[in-house]
Amino acid sequence: MNFILVQNIAFLVLLVFLSVPLGIYIHRVMTGQNVFLSKLLSPVESRIYQGIGIQKEHGMGPKEYALSVILFSMIGLLSVFSMQMLQNLLPLNPGHMEGVSWDLAFNTAASFVSNTNWQAYSGESTLSHFSQSIGLTVQNFVSAATGMP
């Protein structure tokens with residue numbers, strides 16, 4: 001049997017096997033139940049909340065949530081836009097790539113903030129390692145996480 005076929009089958013079996021326990025874990029986290037990491041992470045979470053002035057029991061109303069999402073997305077948009085425009089000044093640029101044009105930077109930043117991930121360029125010849133790893137990869141995660149209430 002072909003090694004790639006065996007590898008693909010093993011990966012599929014692993015995904016199916018892990019889907020139930022990971023689904024249960026995510027359900028418990030999202031509904032506020034205790035999980036095996038609660039003892040370790042709850043004190044950290046409480047200190048973060050305390051440090052930024054959030055009361056854990058206080059939920060957000062629709063207007064507060066919408067404002068938070070818009071502000072968070074704007075910060076992400078400006079951050080990714082700036083990283084691309086100024087990538088020649090930032091670290092992790094072994095190819096000495098110049099900053100991209102403002103329209104391409106805006107298009108890319110807006111698409112990653114909206115989680116559509118439209119790329120109108122060749123990544124390795126246009127963006128530095130910093131712009132790709134810190135800018136786009138982080139935004140790829142947080143844009144999807146933003147939609148989780």
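Residues numbered from 1 in each chain as written. Predicted model: local features only at pLDDT ≥ 70, side-chain atom pairs only at ≥ 80, totals over all residues. Heavy atoms only, no water.

**Q** Provide a residue-level description of the overall build of the protein chain, including the pertinent values.
**A** The secondary structure content of the protein chain amounts to six helices and zero strands. Secondary structure elements in the protein chain, listed N-terminal to C-terminal, are α-α-α-α-α-α. Here the C-alpha atoms of the protein chain give a radius of gyration of 20 Å, more than 25% beyond the 15 Å that 2.2 N^0.38 yields for 149 residues. Within the protein chain, the proportion of its 149 residues that are buried is 21%. (Helix = DSSP H or I, 4+ residues; strand = E, 2+ residues; numbered from the N terminus. Rg over C-alpha atoms; globule rule 2.2 N^0.38 Å. Buried < 20%, exposed > 50% of the residue type's maximum accessible area, 1.4 Å probe, protein only.)

**Q** An account of unusual backbone geometry is requested, with residue identities and associated values reported.
**A** For L92, which is not glycine, the phi torsion reads 55° and is therefore positive. Looking at where L92 falls in the secondary structure, it is placed in the loop between α3 (62-85) and α4 (102-113). The phi dihedral of N117 falls on the positive side, at around 55°, and the residue is not glycine. Position of N117 among the secondary structure elements: in the loop between α4 and α5 (123-126). Taking relative accessible area as the criterion, N117 reaches 25% and is therefore assigned partly exposed.

**Q** Mind laying out the environment of I134, listing which residues take part and the relevant values?
**A** Here I134 is to be found in helix α6 (residues 129-146). Residues I134 and S111 lie 23 residues apart in sequence; the distance between their C-alpha atoms is 16 Å.

**Q** If you had to explain the packing of α4 against α6 to someone new, which residues and values would you point to?
**A** Packing of α4 against α6 brings their axes to within 8 Å, and their N-to-C directions diverge by 35°. Of the residues in α6, those in contact with T108, F112 and V113 of α4 are L136, Q139, N140 and S143. Taken together, the residues of the contact of α4 with α6 break down into three nonpolar, four polar and no charged. (Axes fitted to C-alpha atoms, helices over the stretch in contact; angles between N-to-C directions. Contact = heavy atoms within 4.5 Å. Nonpolar A, V, L, I, M, F, W, Y, C, P; charged D, E, K, R; others polar.)

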